[in-house]
Amino acid sequence: MGTEFNHQEIARKLAKTMAEKANETELRRLYEETMFQQFISMEKNELSELLWHG
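All of these numbers come straight from a predicted model, not from anything done at the bench.

Caption draft 1: Quick look at the confidence of the model for the protein. With 96% of its residues at a pLDDT of 70 or more, the protein has an overall mean of 90. By mean pLDDT, helix 1 (residues 2-21) is the weakest element of the protein at 89, and helix 2 (residues 24-40) is the strongest at 95.

In structure tokens:
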């Protein structure tokens, strides 16, 4: 488990460093892709509720 934590710690530090260097366009693109993945994984009725309630 120590190896997993170390791997996660390294991944988190790399992600944080990259996020700090990212510009607004890159951040928006990443956010859009993240939200798309969230929405695509929803059931159709969940997505409809989200659209209905905004």
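Caption draft 2: Examining the environment of Leu50 more closely. Mapped onto the elements of the fold, Leu50 is located in helix 3 (residues 44-53). On the basis of relative accessible area, Leu50 is assigned to the partly exposed category, the value being 35%. It is 9.4 Å that separates the C-alpha atoms of Leu50 and Phe39, two residues lying eleven residues apart in sequence. Ignoring anything within four residues of it in the chain, the contact list for Leu50 reads Phe39 and Met42.

The rules behind the values
- Residues numbered from 1 in each chain as written.
- Predicted model: local features only at pLDDT ≥ 70, side-chain atom pairs only at ≥ 80, totals over all residues.
- Heavy atoms only, no water.
- pLDDT = per-residue confidence, 0-100.
- Helix = DSSP H or I, 4+ residues; strand = E, 2+ residues; numbered from the N terminus.
- Buried < 20%, exposed > 50% of the residue type's maximum accessible area, 1.4 Å probe, protein only.
- Contact = heavy atoms within 4.5 Å.

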